Amino acid sequence: MDIEKTVRRYIERVGCASMSCKAALIDMDGVLYDSMPNHVEAWYRTIAPLGIDCCREEFFLLEGSTRTRTINLLFNRAYGHDAPEEVSLALYAEKVRQFRLLDAVEPMPGADAVIDILLSHNVRTVLVTGSSQGTLLECLDDDYPRAFNVPYRITGEDVKNGKPSPEPYLMGLQRAEVLPNEAIVIENAPLGVEAGVAAGVFTVAVNTGPIPPQALYDAGADIVFDSMSHFATHLPQLIDAINTVKL
Ligand code: CA
């Protein structure tokens, strides 16, 4: 894996002279937590009983979307219109209830190592999640102490347009007070990768789910790792390349 080459390709793509690694904008589900199987199952158990045709796999691909976008997409396909807000809120409450009925979610193996490396290199860590579900947000302080203190936390409630819109990541850049070429995005889902790339940020994809890695490259990922542990072993080299490579 030629890490320097990926950095050079990014610099050429966005047309800047160099980059630096001052901040990492980090997705939550499927990156910090091994939570996607539970989200998928909870969505499926909420939506399928309504008689809306859906399959588990598509919820993996909708990952990163906000509540509104996910539910409206399903409603438009089934009924040809958006879900009324009160219906949407009730469905989301049911999805959260289903999520809580499932086994507890564990931190993603290797994620703690990634966070430790970032913090030891003085990289500001910022959470950028489409989720507004308290279940996991409440665990962050215990599982990743010091990493995501307010105001370095952007959730589904903070943005008007969720991923794949660049809005959440642009807001993350603003909070960290850095430019797009002074940060990296860490994502696991195609829609999230699209959002990071659209925000002009070097986007690392970590393929922790069942989708083929090519889907992440197709979404525009600058580099793809097959696990957070795999990413952790290459992260010091990536930070070094980002801080030194010039065109
Ligand atoms: Ca995710």
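> In this structure, what is going on with the coordination of the calcium ion? I would like to understand it.
Octahedral metals with six donors have ideal donor angles of 90 or 180 degrees. Tetrahedral metals with four donors have an ideal donor angle of 109.5 degrees. Every protein donor of the calcium ion is listed here as Asp27 (OD), Asp29 (O), Glu63 (OE) and Asn188 (OD1), and their distances to the metal cover 2.1 to 2.3 Å. The sequence motif formed by the donor residues of the calcium ion is D-x1-D-x33-E-x124-N. Within this pair, whereas aspartate 29 is found in the loop between β1 (23–26) and α2 (36–47), its partner asparagine 188 is found in the loop between β4 (183–187) and α10 (190–198), the two being separated by 159 residues in sequence. The residues aspartate 29 and asparagine 188 share a single accessibility class, namely buried.

> Can you help me understand helix α5 (residues 85–101) in this one?
Think of an α-helix as turning once every 3.6 residues; residues three or four places apart then point the same way. Taking 1.5 Å per residue, 17 residues should reach 24 Å; α5 reaches 24 Å between its end C-alpha atoms and fits that length. Turning to α5, its buried residues number three or more, namely Ser88, Leu91, Tyr92, Lys95, Val96, Gln98 and Phe99. Buried residues along α5 cover an arc of 160 degrees about the axis, so they all sit on one side. Those residues of α5 that are exposed and aimed more than 90 degrees away from the buried face are Glu86, Arg100 and Leu101.

What counts as what
Residues numbered from 1 in each chain as written. Predicted model: local features only at pLDDT ≥ 70, side-chain atom pairs only at ≥ 80, totals over all residues. Heavy atoms only, no water. Donors = N, O, S within 2.8 Å, 3.2 Å for Na, K, Ca; no water. Helix = DSSP H or I, 4+ residues; strand = E, 2+ residues; numbered from the N terminus. Buried < 20%, exposed > 50% of the residue type's maximum accessible area, 1.4 Å probe, protein only. Expected span 1.5 Å × (residues − 1). Arc of directions from axis to C-beta.

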